[in-house]
Amino acid sequence: MAAACQEVATGCMVTKMQRLNSQYRVLPPEGVLMTENPAIYALREAVVHFGDPQRPVLQRISLEIPRGQFLTVVGPSGCGKSTLLRVLAGLQSLSGGQLERSSGESAMPTRGASGAELRAGFVFQQPALLPWRTAMQNLRLPLELGSGAAGEGQAAEAGEERLLGLLEQVGLSRADAGKRPGQLSGGMQMRLSLARALVRDPQVLLLDEPFAVVDDFLRMKLQDSLRALHDARGLTTILVTHNLQEAAYLSDRVVVLQPSPRGLSADLSVRRSRLSPAERRRAPEQFEFLQQLSAALFPS
Amino acid sequence: MSERTGQFSAVNRTSVVRSVSDVLVPLLVLALVLGVWQGAVWWWRISPVLLPGPGAVLSASWKIRAVLLESAVRTALAAMTGLSISIVLGTLTAFAFSQSALVRRAFYPYAVLLQTVPIIAIAPIVIVSLGRGFVSVAVVSAILSLFPIITSTTTGLLQVDTTLLDLFRLYRASRWQTLLRLRVPAALPYLISGIRIASGSSIVGAIVGEFFVGDGTPGLGSLIQRKSATLVLSELYATVGVATVLGTVVFGLITVLGETVLRRRFGMSLGGRVSGPQSGD
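Criteria and thresholds
- Residues numbered from 1 in each chain as written.
- Chains lettered and ligands numbered in written order.
- Predicted model: local features only at pLDDT ≥ 70, side-chain atom pairs only at ≥ 80, totals over all residues.
- Heavy atoms only, no water.
- Helix = DSSP H or I, 4+ residues; strand = E, 2+ residues; numbered from the N terminus.
- Buried < 20%, exposed > 50% of the residue type's maximum accessible area, 1.4 Å probe, protein only.
- Contact = heavy atoms within 4.5 Å.
- Areas by Shrake-Rupley, 256 points an atom, 1.4 Å probe, with all protein chains shown as cover.
- Salt bridge = Lys/Arg side-chain N within 4 Å of Asp/Glu carboxyl O.
- Core = buried A, V, L, I, M, F, W, Y, C linked by side-chain atoms within 4.5 Å.
- Axes fitted to C-alpha atoms, helices over the stretch in contact; angles between N-to-C directions.
- Parallel < 35°, antiparallel > 145°, perpendicular 65-115°, else oblique.
- Left-handed = near helix turned anticlockwise from the far one by under 90°.
- Patch = residues over 30% accessible without salt bridge, like charges linked within 9 Å, V, L, I, M, F, W, Y side chains within 5 Å.
- Phe/Tyr/Trp six-rings, centres within 6.5 Å; stacked < 30°, edge-to-face > 60°.
- Lys NZ or Arg CZ within 6 Å of the ring centre and 35° of its normal.

Draft legend 1. Geometry of the overall build of chain B. A count of helices and strands for chain B gives 10 helices and 2 strands. Listing the helices and strands of chain B from first to last along the sequence gives α-α-α-α-α-α-α-α-α-α-β-β. Per-residue burial over chain B gives 41% buried out of 281 residues. Across chain B, the fraction of contacts at a sequence separation of at least 24, relative to all contacts at a separation of at least 6, is 73%. In the form shown here, chain B has an accessible surface area of approximately 15600 Å², with 70% of it arising from carbon and sulfur atoms.

Draft legend 2. Representation of the overall build of chain A. Within chain A, the regular secondary structure consists of 11 helices and 11 strands. For chain A, with 300 residues in total, the buried portion stands at 53%. In chain A, the share of contacts with a sequence separation of at least 24, taken over all contacts with a separation of at least 6, comes to 68%. Of the roughly 12800 Å² that chain A leaves accessible, carbon and sulfur atoms contribute 53%.

Draft legend 3. Region of interest: the pattern of salt bridges. The tally for this structure, following the rule as stated, stands at 19 salt bridges over all chains. Measuring nitrogen to oxygen at the nearest pair gives 2.5 Å for the salt bridge that ties Asp166 of chain B to Arg86 of chain A. With Asp166 of chain B in helix H7 (residues 162-170) and Arg86 of chain A in helix H3 (residues 81-89), this residue pair bridges two chains. Look at Asp166 of chain B and you get buried, because its relative accessible area is 11%. Exposure remark for Arg86 of chain A: the relative accessible area of 22% places this residue in the partly exposed category. Residues Arg263 of chain B and Glu259 of chain B are paired through a salt bridge, measuring 3.3 Å at the closest nitrogen-oxygen approach. Here Glu259 of chain B and Arg263 of chain B lie together in helix H10 (residues 233-266), a separation of 4 residues that amounts to about one turn.

Draft legend 4. Highlighting the nonpolar core. In this structure, Tyr41, Leu206 and Ile238 of chain A are the most contacted members of the largest nonpolar core, which totals 78 residues. The biggest single contributor to this core is helix H8 (residues 175-212) of chain B, with 11 residues. Setting aside chain neighbours within four positions, we find Ile238 of chain A in contact with Tyr41, Ile65, Leu71, Val73, Leu85, Leu88, Val204, Leu205, Leu206 and Leu207 of chain A. Counting residues in hydrophobic clusters, the runner-up holds 34 residues, among them Leu139, Met188, Met190 and Leu218 of chain A.

Draft legend 5. Up close: the packing of helix H5 (residues 119-130) of chain B against helix H6 (residues 134-158) of chain B. Residue and element names in this part refer to chain B. Viewed as axis vectors pointing N to C, H5 and H6 meet at an angle of 140 degrees, and their least axial separation amounts to 10 Å. On the basis of their axis angle, the class for H5 and H6 is oblique. Once H5 is placed against H6, the crossing between them reads as right-handed. Listed contacts from H6 to Ile119, Ile122, Val126 and Leu130 of H5 are Val135, Ser136, Val139, Val140, Ile143 and Leu144.

Draft legend 6. Expanded view of a nonpolar patch on the surface. Taken together, Val16, Val20, Val23, Leu24, Leu27, Leu30 and Leu34 of chain B make up a surface patch of nonpolar side chains, about 600 Å² in accessible area. Take Val16 of chain B: it is sitting in helix H1 (residues 3-43).

Draft legend 7. Main features of the packing of aromatic side chains. One pass over the full model with this rule turns up 6 aromatic pairs over all chains. Consider the rings of Trp37 of chain B and Tyr237 of chain B, whose centres lie 5.8 Å apart with planes at 40 degrees: the pair is tilted. One end of the pair, Trp37 of chain B, is in helix H1; the other, Tyr237 of chain B, is in helix H10, and 200 residues separate them in sequence. Judged by its relative accessible area of 22%, Trp37 of chain B falls in the partly exposed class. One residue, Arg281 of chain A, lies across the ring of Tyr249 of chain A, its end atom 3.8 Å from the ring centre. A cation over a ring is seen here: Arg65 of chain B above Trp62 of chain B, with NZ or CZ 4.1 Å from the ring centre.

Draft legend 8. Spatial organisation of the side chain of Ser98 of chain B. All names here are of chain B. Residue position: Ser98 is located in helix H3 (residues 65-99). Overall, the relative accessible area of 9% leaves Ser98 in the buried class. Sequence-distant contacts of Ser98, that is, excluding residues within four places in its chain, are made with Arg104, Leu157, Leu158 and Leu179.

Draft legend 9. View of the environment of Leu223 of chain B. All names here are of chain B. Examined against the element boundaries, Leu223 turns out to sit in helix H9 (residues 220-230). A relative accessible area of 1% places Leu223 in the buried class. A C-alpha to C-alpha distance of 8.0 Å links Leu223 and Leu236, two positions 13 residues apart in sequence. Leave out the neighbours within four places in its chain, and Leu223 touches Val67, Leu68, Ser71 and Thr239.

Draft legend 10. A look at unusual backbone geometry. Residues and elements named next belong to chain A. A positive phi is found at Glu45, a non-glycine position, where the angle reads about 50 degrees. Relative to the assigned elements, Glu45 resides in strand E2 (residues 39-48). Residues other than glycine seldom take positive phi values, yet Arg60 does so here, at roughly 45 degrees. When you line up the elements, Arg60 lands in strand E3 (residues 58-66). For Arg60, a relative accessible area of 53% puts it in the exposed group.

Structure (structure tokens):
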């Protein structure tokens, strides 16, 4: 199945929004079991405004995100990228339109912005760590929250080895587990933030410009870690970034949001050949795709 | 020596130099003020009845040292009792304010009243309710020191990083979980800052309380009252000096204790987050 998904993702093509709209697959009604691999998110005619309907932040956005896809959202500042991500995370409610989510496990879609069944991890632009907790305690935080959460003591006992393994998976060492965020570098804090997003074994990983404040060298390392995690865990990943190279390198698909008129202006699929990370960064396809992306962002 | 050890030494040296200068600079200012004061008394031959020199004040302090010590201890006890009451009441009030905008809007103006109503107006009410004595003095001290704790702690509980609040919302944290795991620890530097400011007010409150609601037992307030009535200015200045030193010592102790607890137990500091020794990436 994963190989089939990879095959779908490898066809490099440019589609405009009108065509995307016609490709919508309508999710079955609630309670109906699905046999196919459904879209994990289906956003229809989504509108978000903060009080003034004449000045929406998101205007009639329609987007379907298949399971297992690495989707990147790019666009100029103020076009609503972060708002779109917050809508998908359930942190921002819609002013109009509809969002459907499907966890895939129960194969029953849920309507509205609750999405309780869909496990999502979120990586913010800042590491957003609690300075009074050690790295391990920060990592354990998601297990302590919510109605079905374990108490602090229970969460402490639960899966210590699994959590240490997670730290190692994002490139931190076991010795870092006892350190507070103030004792970790910016890059290590970002890695810890990434590990925390994975603690609840999410189906979806949402990232809001996570590497914006790190240097180029570290950004490249973190990008490799992120893509490796996406592939290894079969995640659906949605990344918001300003960085076009990052979008081209990491993604299966890139959508472009434009500020005026508001909406999706392009939806591009990325050809991902089986290359090593270093080779991929230099591959001619990367440069071709960057040209397509630039053309979509800055039409002559 | 490794490069990192070298960096730590440089950092430690810088912090030691800063700590020493934090103590030395105010002491130099004090020496300068005392020198100018003594010089003025000597140059213009000012009568000790009008303005005693620092030397006369020091010798008066030594002369009545036993009374000063007893008074200072009693005033400090009343002030610390008042401060403890205000910490408990102030923190509970701040919790209530942080949980409901309606409660905040309804009761905040009355919290401001604590700061603005003159103690001379409250004194008769305190005397009627509790009588004269230690408890009343502690209550006046609590009234004067409550407001900084309420405002500072409420600010800390409300001004939590919005990204962290989003994180807690994402994991569907309950209001209680958000309060205990996020708002309360994040507000600790604010609470300690509030206690720091309130500590000075609690000393002033205890002294003023001894003026208005005290029962005449030794205390810096009643001592100031007696010395100003007898016009022994050198002893009056000595008492005022001890009151000032007491306020400064309490402020310093709370600062050091608060900073140490925040740094060691919570990885924070009064001025922001601790940037301890960092590992490279």
